[in-house]
Amino acid sequence: MLRRKIMSRLNIISQSILAALFLFSAAALAQDGPMTAFVNVSVLPMDGQTSNGLNVLNNQTVLVSGDRILSVSDTETTGIPEGAILIDGEGQYLMPGFGEMHGHIPPLSQGKQQVNDTLFLYLSNGVTTVRGMLGSPGQLQLREDAKADERLSPTLYLAGPSFNGNSISSPNEAEESVTTQVMEGWDLLKVHPGLTRAEYDAMALQAKRLEIDFGGHVPEEVGLIHSLVAGQRTLDHLDGFIAYLDGFSNLISDDEFREIARKTKNAGVGVVPTSALWKTLIGAGNLEILNQYDELKYIRAETVQNWRDRIGFLTEGDPQIHEQNRLKLLKILQEEGVEILFGTDAPQLFSVPGFSIHREIDAMEEAGLTNRDILISGTSAIGAYFKDVDRFGTVAPNMRADLILLENNPLDDLDNLQSPAGVMVRGIWLPREDIEAELAEIEARARP
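To start, this report covers the structure provided alongside it.

1. Considering the overall build of the protein chain
Link 1 in the chain: The helix and strand inventory of the protein chain stands at 17 helices and 15 strands.
Link 2 in the chain: Relative to the globule expectation of 22 Å for 448 residues, the C-alpha radius of gyration of the protein chain, 22 Å, shows essentially globular dimensions.
Link 3 in the chain: Buried positions account for 54% of the 448 residues belonging to the protein chain.
Link 4 in the chain: Within the structure as shown, the protein chain displays about 18,800 Å² of accessible surface, and the carbon and sulfur contribution to it stands at 50%.
Link 5 in the chain: With 36 positive and 62 negative side-chain charges, the protein chain shows a separation of 5 Å between the mean positions of the two kinds.

As C-alpha cells, then:
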C-alpha cells in the first residue's frame with residue numbers, strides 16, 4: 001500500500017482515539033502525569049471563530065496534558081487539577097507557535113552541537129514547526145527523535161534531497177527518485193532549478209501516483225504556468241512569478257500581478273515568500289544595517305563573513321525594481337486570497353533561525369499585509385496545510401500544545417513577538433530564563 005494512504009488512515013484512527021480520550025475528566029487525565037495550566041491569560045486562538053473582531057479571549061485558563069491542549073475556558077469556571085504546573089498569565093497573551101515553511105536543518109555531518117543549536121534558535125523565538133527544505137542523511141531519524149522528545153526541537157516535516165539539474169539526469173531517474181524518497185519516508189519533494197520539462201513532468205506524475213507533495217522553485221524550462229497545472233504544492237521565494245512576468249528590471253502592472261495571482265488561487269497552490277532573505281540575495285538590502293543585526297552573535301564569525309561575501313550574488317536586473325515588484329506581488333497575492341505560508345529560508349544570508357521571523361515580518365509589513373494576515377500565515381494557515389498529518393496552529397482543544405506566551409498583544413504591534421515570556425513545544429515548557437541561558441551558551445560557542 002502507498003505510504004501516504006497508510007499514514008492518512010493511521011492519522012484518522014489516532015485522531016478518533018484522541019477525541020475519545022478527551023471525553024475523560026481532567027482529573028482522570030492528570031493521573032497519567034502532571035498537567036500545565038496557563039491561568040488568567042488572554043488567548044489569541046487564531047481560529048477566526050470569535051465574534052469580537054480582535055480574536056482575543058480574555059481571562060482564560062488553558063489546560064495542557066501531554067502534547068495536547070485539553071481545554072480553553074474562563075478562569076472563573078475552570079477547575080485546576082491537583083498537581084498541575086501553574087503558569088501565571090495575568091496581563092499576558094497566549095498564541096499558537098509559529099511555523100517556518102522554508103527552513104533548513106544543518107547536515108548531521110556538521111556535528112550534534114551545531115544541529116542542536118540551530119534547532120534551539122528556532123524554538124527561542126517561538127518557531128515550533130519547521131518544514132525542512134533540503135534533506136540529508138540522518139535527518140529522518142532526527143525528525144523521529146524530535147517527535148519522541150528525545151531531542152529538544154521544533155516538530156519537523158522534511159523534504160528529501162532536492163530534484164535539480166545536477167541530481168537528476170533523465171525522466172526515468174526523476175521517477176525512480178520519487179519512489180525512493182517515498183519509500184524512505186520523506187514528507188515532501190524539494191524542487192530546485194535545472195530540471196528539464198520532461199524530468200519535472202516525470203517527477204510530478206510519479207508524485208501524484210504516490211501521493212506526495214512537491215514544492216520549491218520553478219525550473220526555467222518548466223515555467224510558472226506549467227508548475228501550476230502540474231500541481232506543485234508551494235511556490236517558494238516568488239522567483240518563478242518574477243521570471244514569468246519579466247519583473248527583474250521592468251515594473252509590472254497591478255493587472256498583470258492580479259491575473260497571475262488569480263491563476264495561482266484557482267490552482268490551489270500556496271506561496272512561501274521568504275521576502276527578507278531575497279532582498280539581501282538580489283542586492284536590495286543595506287549592508288550596514290545587516291551587519292548590525294544583534295542575532296549574528298549566535299552565528300560563527302566565518303559563516304557571517306561568508307554571508308557578507310555573497311550579498312547580491314543574484315545580480316539579474318535592477319535590484320530596486322525587482323524588490324518593488326516582489327512587494328507589490330505579495331500584497332496582491334494576499335488580496336486575491338492565495339494561500340500565504342510564512343517562511344524565511346533560515347539559516348541563510350543574515351537569516352538566523354528563529355530571529356529571522358522578525359525580519360520577515362518587517363518585509364511583509366512593508367508589502368502592506370496586516371498584523372492579522374501575517375500572524376495567520378505563520379500559525380493557522382500552516383496548521384491547515386498540515387491538517388492531514390496533525391492538528392496544530394490554533395489554541396483550541398485537541399490541538400498540539402505549541403504555544404507562545406507574550407507580554408503584550410501582537411495584534412497591536414508585531415514587535416511584541418520578540419523576546420517571548422516563554423515557549424511551549426509539544427507540551428514542553430521553556431520559560432524565558434531558560435531560553436536566555438541557552439542562548440548565552442550558543443553565543444559563547446559561536447565566539448570561542
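Continuing now.
2. Examining the environment of Leu-57
Link 1 in the chain: If you trace the backbone, Leu-57 turns up in strand E2 (residues 57-65).
Link 2 in the chain: Separated by 36 residues in the primary sequence, Leu-57 and Tyr-93 have C-alpha atoms spaced 9.4 Å apart.

3. Points about the side chain of His-237
Link 1 in the chain: Take His-237: it is sitting in the loop between strand E11 (234-236) and helix H8 (239-244).
Link 2 in the chain: Within the local environment of His-237, its side chain forms a polar contact with the side chain of His-217, the two groups lying 3.4 Å apart.
Link 3 in the chain: Filtering out sequence-adjacent residues up to four positions away, His-237 remains in contact with His-102, His-217, Val-272, Pro-273, Thr-274, Trp-278, Arg-326 and Asp-345.

4. Structural notes on helix H6 (residues 197-210)
Residues that lie three or four places apart on an α-helix share one face, since the helix turns once every 3.6 residues.
Link 1 in the chain: With 14 residues, H6 extends 20 Å between its outermost C-alpha atoms, agreeing within 8% with the 20 Å of an ideal straight helix rising 1.5 Å per residue.
Link 2 in the chain: Of all the residues in H6, the buried ones are Glu-199, Tyr-200, Ala-202, Met-203, Ala-204, Gln-206, Ala-207 and Leu-210.
Link 3 in the chain: Of the residues trailing H6, Glu-211 is marked for its positive phi of about 55 degrees.

5. Some points on the nonpolar core
Link 1 in the chain: Counting residues in each nonpolar core, the largest one holds 62 residues, and the members touching the most others are Phe-98, Ile-105, Phe-241 and Leu-333.
Link 2 in the chain: Per-element tally for this core: the top contributor is helix H13 (residues 319-335), with 5 residues.
Link 3 in the chain: Excluding anything up to four places from it in sequence, Phe-241 contacts Leu-224, Leu-235, Ile-260, Thr-264, Val-271, Leu-329 and Leu-333.
Link 4 in the chain: The next biggest cluster of nonpolar side chains, apart from the first, holds 25 residues, and it includes Leu-277, Phe-350, Leu-430 and Leu-439.

6. Observations concerning the packing of aromatic side chains
Link 1 in the chain: Applying the stated criterion across every chain, the model contains 9 aromatic pairs.
Link 2 in the chain: With a centroid separation of 5.0 Å and an interplanar angle of 90 degrees, the aromatic rings of Phe-98 and Phe-342 are classed as edge-to-face. Here the residue Phe-98 occupies a position in strand E6 (residues 98-103), and Phe-342 occupies one in the loop between H13 and helix H14 (356-367), the gap between them amounting to 244 residues.
Link 3 in the chain: Judged by relative accessible area, which is 1%, Phe-98 ranks as buried.
Link 4 in the chain: Seen in terms of ring centroids, Tyr-385 and Phe-386 are 4.7 Å apart; in terms of plane orientation they differ by 80 degrees. Their pairing is edge-to-face.
Link 5 in the chain: Exposure remark for Tyr-385: the relative accessible area of 13% places this residue in the buried category.
Link 6 in the chain: Here the basic side chain of Arg-359 rests over the ring of Tyr-293, its NZ or CZ set 3.6 Å away from the ring centre.
Link 7 in the chain: One cation-aromatic arrangement involves Arg-400 over Phe-392; the distance from NZ or CZ to the ring centre is 4.0 Å.

7. Focus on a negative patch on the surface
Link 1 in the chain: Together, Asp-362, Glu-365, Asp-412, Asp-413 and Asp-415 line one region of the surface with negative charge.
Link 2 in the chain: Among the structural elements, Asp-413 can be located in the loop between strand E13 (403-406) and strand E14 (422-425).
Link 3 in the chain: Its relative accessible area of 36% is what places Asp-413 among the partly exposed residues.

8. Quick word on the pairing of strand E9 (residues 188-191)
A regular strand places its side chains on the two faces of the sheet in alternate fashion.
Link 1 in the chain: Both faces of E9 are covered, namely the face carrying Leu-188 and Lys-190 and the face carrying Leu-189 and Val-191.
Link 2 in the chain: When E9 meets strand E10 (residues 213-216), the two strands line up parallel, connected through 4 bridges. Paired with Val-191 across the strands is Gly-216, a residue of E10.
Link 3 in the chain: Remark: the E9/H6/E10 crossover connection has right-handed handedness.

9. Observations regarding H14
Link 1 in the chain: The first and last C-alpha atoms of H14 sit 17 Å apart over 12 residues, in line with the 16 Å expected at 1.5 Å per residue.
Link 2 in the chain: Taken together, the buried positions of H14 are Ser-356, Ile-357, His-358, Glu-360, Ile-361, Ala-363, Met-364 and Ala-367.
Link 3 in the chain: Buried residues belonging to H14 abut E6, strand E7 (127-132), helix H10 (275-281), H13 and helix H15 (371-378).
Link 4 in the chain: After H14 finishes, the residue Gly-368 shows a positive phi value of roughly 105 degrees.

10. Looking at the sheet that holds E9
Link 1 in the chain: Overall, parallel pairing links the 4 strands, which are arranged E9-E10-E11-E12 in an open sheet. The open sheet terminates on both sides in strands that have one partner only, identified here as E9 and strand E12 (270-272). Averaged over all pairs of adjacent strands, the angle between strand axes in this sheet comes to 25 degrees, irrespective of strand direction.

11. Digging into the sheet that holds strand E8 (residues 155-158)
Link 1 in the chain: Ordered by their spatial adjacency, 3 strands build an open sheet running E6-E7-E8, and the pairing between neighbours is parallel. Only two strands of the sheet have a single partner each, and these edge strands are E6 and E8. Averaged over all neighbouring strand pairs, the angle between strand axes comes to 20 degrees, with direction disregarded.
Link 2 in the chain: With 4 bridges connecting them, E6 and E7 associate as parallel partners. Of the residues in E7, the one forming a bridge with Glu-100 is Val-130.
Link 3 in the chain: Relative to E7, helix H3 (residues 112-124) is tilted by about 130 degrees, and along the sheet it contacts E6, E7 and E8.

12. A word on the environment of Ser-136
Link 1 in the chain: Structurally, the position occupied by Ser-136 is in the loop between E7 and helix H4 (139-147).
Link 2 in the chain: A C-alpha to C-alpha distance of 9.6 Å links Ser-136 and Leu-158, two positions 22 residues apart in sequence.
Link 3 in the chain: In this view, Ser-136 contacts Pro-107 and Trp-186; residues no more than four positions away in its chain are not counted.

What counts as what
Residues numbered from 1 in each chain as written. Predicted model: local features only at pLDDT ≥ 70, side-chain atom pairs only at ≥ 80, totals over all residues. Heavy atoms only, no water. Helix = DSSP H or I, 4+ residues; strand = E, 2+ residues; numbered from the N terminus. Rg over C-alpha atoms; globule rule 2.2 N^0.38 Å. Buried < 20%, exposed > 50% of the residue type's maximum accessible area, 1.4 Å probe, protein only. Areas by Shrake-Rupley, 256 points an atom, 1.4 Å probe, with all protein chains shown as cover. Lys, Arg positive; Asp, Glu negative; His and termini not counted. Charge placed at Lys NZ, Arg CZ, Asp CG, Glu CD. Polar contact = N/O pair within 3.5 Å; in protein donor to acceptor, adjacent residues only side chain to side chain. Contact = heavy atoms within 4.5 Å. Expected span 1.5 Å × (residues − 1). Core = buried A, V, L, I, M, F, W, Y, C linked by side-chain atoms within 4.5 Å. Phe/Tyr/Trp six-rings, centres within 6.5 Å; stacked < 30°, edge-to-face > 60°. Lys NZ or Arg CZ within 6 Å of the ring centre and 35° of its normal. Patch = residues over 30% accessible without salt bridge, like charges linked within 9 Å, V, L, I, M, F, W, Y side chains within 5 Å. Salt bridge = Lys/Arg side-chain N within 4 Å of Asp/Glu carboxyl O. Pairing = 2+ DSSP bridges. Right-handed = clockwise from strand over helix to strand, strands pointing away. Axes fitted to C-alpha atoms, helices over the stretch in contact; angles between N-to-C directions.

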